[in-house]
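# Fold and contact review
Residue-level listing of the chains:
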Amino acid sequence: VVASEVKSLANQTAKATEEIAQQIKGIQDSSQTTAQGIREIGQIISQVSEISTSISSAVEEQSAATKEGSVNLNGVTQAAQDTGQSSSTVLNVAQALSSQAGRLEAQVDDFLKSVRAM
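These lines cover the structure that appears in this document, whether it is placed above or below. (Residues numbered from 1 in each chain as written. Predicted model: local features only at pLDDT ≥ 70, side-chain atom pairs only at ≥ 80, totals over all residues. Heavy atoms only, no water.)

### Topic: the overall build of the chain
Definition in use: Elements are defined by DSSP. Helices are runs of H or I of four residues or more, strands are runs of E of two residues or more, and each kind is numbered from the N terminus. Put simply, the radius of gyration uses C-alpha atoms, and a globule should come to 2.2 Å times the residue count raised to 0.38. Partly exposed describes any residue whose relative accessible area lies between the buried limit of under 20% and the exposed limit of over 50%, with all areas from a 1.4 Å probe on protein chains only and scaled to the type maximum. Note on areas: these come from Shrake-Rupley sampling with a 1.4 Å probe, and a residue is covered only by the protein chains present in the view. We treat Lys and Arg as the positive residues and Asp and Glu as the negative residues; His and chain ends play no part in the count. Positions of charges follow a simple convention, taking NZ of Lys, CZ of Arg, CG of Asp or CD of Glu.
Secondary structure assignment for the chain yields one helix and zero strands. Taking 13 Å as the expected radius of gyration for a compact globule of 118 residues, we find that the chain reaches 50 Å, considerably beyond that expectation. Seen through its principal axes, the chain has C-alpha atoms that stretch 170 × 10 × 5 Å. A buried classification covers 0% of the 118 residues belonging to the chain. Accessible area of the chain: about 10,200 Å², with a carbon and sulfur share of 60%. Side chains of the chain carry 8 positive and 13 negative charges; the gap between the two charge centres is 2 Å.

### As for the pattern of salt bridges
Selection rule: Every case where a carboxyl oxygen of Asp or Glu lies within 4 Å of a side-chain nitrogen of Lys or Arg is listed as a salt bridge.
This model, assessed by the stated rule, comprises one salt bridge. Between Asp29 and Lys25 there is a salt bridge, with the nearest N and O atoms lying 3.1 Å from each other. Placement of the pair is Asp29 and Lys25 together in helix α1 (residues 2–117), with a separation of four residues, close to one helical turn. Asp29 sits in the partly exposed class, given a relative accessible area of 34%.

### Looking at a nonpolar patch on the surface
To keep it simple, the criterion reads: Any residue with relative accessible area above 30% and no salt bridge may belong to a patch, with like charges joined within 9 Å and the nonpolar Val, Leu, Ile, Met, Phe, Trp and Tyr side chains within 5 Å.
Residues Leu104, Val108, Phe111, Leu112 and Val115 make up a contiguous nonpolar surface patch of about 440 Å² in total accessible area. Here Leu112 shows up in helix α1. For Leu112, a relative accessible area of 34% puts it in the partly exposed group.

All quantities given are derived from atomic positions and should not be read as evidence of function.
Have a look at this one:
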């Protein structure tokens, strides 16, 4: 009877050991799958980081270009204003010169009349 019970216990222990081995194998397989998933997530995070860095660089370049364009536009605006002021000054000088030329012409005419009258 005792030998029969020992044999029965040995069989139960063998079955339990086999079940435990299968459960451990299942946990190991799940762990490997999980580890692979974590590696893939890490790769995706790395790719997202690279893309984010590229976007950030592009935004910085665009910002710099916009700022430069704004500075250039301000420069063009100032140049246009300066040109307008210069044009106004040239117009005033031309009008004054025209007026002086008219007076000079009148004086030359008067002088010539007086020379002819002599």
